[in-house]
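Examining the three-dimensional arrangement
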Amino acid sequence: MKGADRNTRASTKVKRTVQEHQPVAKQDSPPSQIPLLATVIVPAYEEEKGLPVVLAKLVNTLKKGYEILVIDDGSDDGTSEVARRFPVRLVRHEHNKGKGEAIITGWKNAGSDRIIFIDADDTYPVDIIPRMAEALGEYDMVIGSRRSGQENIPGFNRLGNFVFRTAIRKLYGFKPYDPLTGLWGIRKSQLARCLPTVRRAPDAEIAMKAARMKLKMTDIPIVYSPRIGQTKLNPFKGGWEHLKLIVTLLFWKPKKVSS
Ligand SMILES: Nc1nc2c(ncn2[C@@H]2O[C@H](COP(=O)(O)OP(=O)(O)OP(=O)(O)O)[C@@H](O)[C@H]2O)c(=O)[nH]1
Ligand SMILES: [Mg+2]
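These figures come from a predicted structure and were not determined experimentally.

A short note on the overall build of the protein chain
Regarding its fold elements, the protein chain presents 9 helices and 8 strands. Scored against the burial criterion, the 259 residues of the protein chain give a buried share of 43%. Across the protein chain, contacts joining residues at least 24 apart in sequence account for 80% of those joining residues at least 6 apart.

What about the site of ligand 1?
Taken together, 18 residues lie near ligand 1, and Tyr45, Asp73, Asp119, Ala120 and Thr231 sit nearest. Going through the elements one at a time, strand E2 (38–44) and helix H4 (99–109) are the ones with two or more residues in the shell around ligand 1. Considered class by class, the residues forming the shell around ligand 1 number 6 nonpolar, 5 polar and 7 charged.

Looking at the packing of helix H6 (residues 155–172) against helix H8 (residues 202–212)
Taken N-terminus to C-terminus, the directions of H6 and H8 make an angle of 15°; their axes are 10 Å apart at the nearest point. One element, H6, and the other, H8, form an angle in the roughly parallel class. Regarding H6 and H8, the two cross each other, and that crossing is right-handed. Between H6 and H8, the residues in contact are Phe164, Ile168 and Tyr172 and Ala204, Ala207, Met208, Ala211 and Arg212, respectively. Its residues assigned to classes, the contact of H6 with H8 shows 7 nonpolar, no polar and 1 charged.

Quick notes on unusual backbone geometry
Of note in this structure, Glu46 is not a glycine but carries a positive phi near 50°. Note that Glu46 resides in the loop between E2 and helix H2 (50–61). In this structure Glu46 comes out as buried when scored by C-beta crowding, with 20 C-beta atoms within 10 Å. The backbone of Asp122 sits at a positive phi, close to 65°, despite the residue not being glycine. Assignment of secondary structure puts Asp122 in the loop between strand E5 (114–117) and helix H5 (129–135). Residue Asp122 is classed as buried on the basis of its C-beta count, with 22 C-beta atoms lying within 10 Å.

Thoughts on the environment of Ile104
Of note, Ile104 is situated in helix H4. You can call Ile104 partly exposed: it has 19 C-beta atoms within 10 Å. Ile104 sits 88 residues away from Ala192 along the chain, and the two C-alpha atoms are 9.0 Å apart.

Focus on the nonpolar core
Here is a general trend for soluble globular proteins: nonpolar side chains tend to be buried in one another's company. By size, the foremost hydrophobic cluster in this structure holds 64 residues, and its most contacted members are Val40, Leu69, Ile116 and Ile118. Take this core: its biggest share by element is 6 residues, from H8. With residues up to four places along the chain from it excluded, the contact list for Ile118 reads Val40, Val42, Val54, Tyr124, Val126, Gly182 and Leu183.

Some remarks on the environment of Pro202
For Pro202, the position within the fold is in helix H8. Overall, the presence of 24 C-beta atoms within 10 Å leaves Pro202 in the buried class. Residues Pro202 and Gly100 lie 102 residues apart in sequence; the distance between their C-alpha atoms is 5.0 Å. Setting aside chain neighbours within four positions, we find Pro202 in contact with Lys99, Gly100, Ile103 and Pro196.

Details of H6
An α-helical turn contains 3.6 residues, so a residue and the one three or four places further along point in the same direction. Relative to the 26 Å expected for 18 residues at 1.5 Å per residue, H6 spans 25 Å between its end C-alpha atoms, a close match to the ideal helical length. All buried positions along H6 are accounted for by Asn161, Phe164, Arg165 and Ile168. On an axial view of H6, the arc spanned by its buried residues comes to 110°, and they lie on one face. Facing away from the buried side of H6 by more than 90 degrees, the exposed set consists of Gly155, Phe156, Phe162, Thr166 and Lys170. Of the surrounding elements, those touching the buried residues of H6 are H8 and helix H9 (235–248). Downstream of H6 by one or two residues, Gly173 has phi in the positive range, about 65°.

A look at the pairing of strand E4 (residues 89–93)
When you tally the buried positions in E4, you get 5 out of 5 residues, the bulk of the element. Residues of E4 alternate between two faces, with Arg89, Val91 and His93 on one and Leu90 and Arg92 on the opposite face, all of them buried. In the sheet, strand E3 (residues 66–73) pairs with E4 via 5 bridges, with the strands oriented parallel. Pairing of Val70 across the sheet is with Leu90, part of E4.

Procedures and definitions
For every chain, the first residue of the written sequence is number 1, and numbering continues from 1 along that sequence. To label them, take the chains in the order written and letter them from A, then take the ligands in the order written and number them from 1. Owing to the predicted nature of the model, reporting of local features is limited to residues with pLDDT of at least 70; listing and counting of side-chain atom pairs is limited to 80 or more, with chain, interface and lining totals taken over all residues. Numbering of helices and strands starts at the N terminus; helices are DSSP runs of H or I of at least 4 residues and strands are runs of E of at least 2. Buried means a residue has 20 or more other C-beta atoms within 10 Å of its own C-beta, exposed means 12 or fewer, and partly exposed covers the counts in between; C-beta atoms are placed from the backbone. In this description, any two residues whose backbone-derived C-beta atoms lie within 7 Å of each other are considered to be in contact. Near, for a residue, is defined by distance from a backbone-placed C-beta atom to a molecule or strand, with 6 Å as the limit that must not be exceeded. The residue classification treats Ala, Val, Leu, Ile, Met, Phe, Trp, Tyr, Cys and Pro as nonpolar and Asp, Glu, Lys and Arg as charged. All others, Gly included, are polar. Between N-to-C directions, angles span 0 to 180 degrees; the directions come from axes that are lines fitted to C-alpha atoms, helices contributing only their stretch in contact. Note that the term roughly parallel is reserved for angles under 35 degrees, roughly antiparallel for angles over 145, roughly perpendicular for angles of 65 to 115, and oblique for everything else. Rotating anticlockwise by less than a right angle from the far helix to the near helix defines a left-handed crossing, while the corresponding clockwise rotation defines a right-handed one. Definition of nonpolar core: a set of buried Ala, Val, Leu, Ile, Met, Phe, Trp, Tyr and Cys residues joined via C-beta atoms within 7 Å. The span one expects for a helix is its residue count, reduced by one, times 1.5 Å. Our arc is simply the arc of the directions from the helix axis toward the C-beta atoms. Between any two strands, at least two bridges found by DSSP are needed for them to pair.

In short, shape yes, function no, at least from these values alone.
Shown next as structure tokens:
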């Protein structure tokens, strides 16, 4: 099945999500006259503190031509209320489904073939997003690698990141530095071939599958900042999920692209 056909079919099957359409970005002319440069997807679970900071930065940095999509993953706090205050599109899961499902919902709803994911806790810089969008003209995938700011990652997680990053780069031939980053971009048609299946390690799962698919990738170094708001990450469950994926995906084969 062709990627585009599959996307169209998938987008008609969006279940148990609530969509709220709002103006996409501050615009002087109707959206139809502005070519869409990229869709920026912000998966958010109980991020009422970090999300307004991230959205303010996104709206101020990405003036025209960007679609900003917030996926509220069944939060019980004010995450959706925060998103409604900004000129973004909001899609809500009725219940918490995990970041993997939030990525899939974002992929189904993205209007552009160039999509960029960024976490909602203000740990990642937004100013490189235009560079990432441009890079997706030439590359299938672009990785925002955490080269600095490692001190803002808790010690135990930093150790886990080192072990899993090294394993993924060595075993999968993943060329960019950071397969575990929460700031990365991919072509929508390629993401269709490597969608995540897990709750806790979807970014790494996609990175490993993308390496197996031999996608053309580029790497942009970024500085990682301290998290705003409470962490929900369980490092033991997360670590276990990464470990299982690193072993099992060695046997994963990408689907052939039909011509
Ligand atoms: N943890 C978690 N995050 C989710 C979920 N659904 C969406 N997300 C979002 O996915 C992004 C990554 O989650 P984080 O909790 O920041 O995970 P992390 O960056 O690995 O760890 P910390 O920042 O140290 O907590 C954030 O923007 C979350 O709001 C979910 O069910 N659980
Ligand atoms: Mg985070």
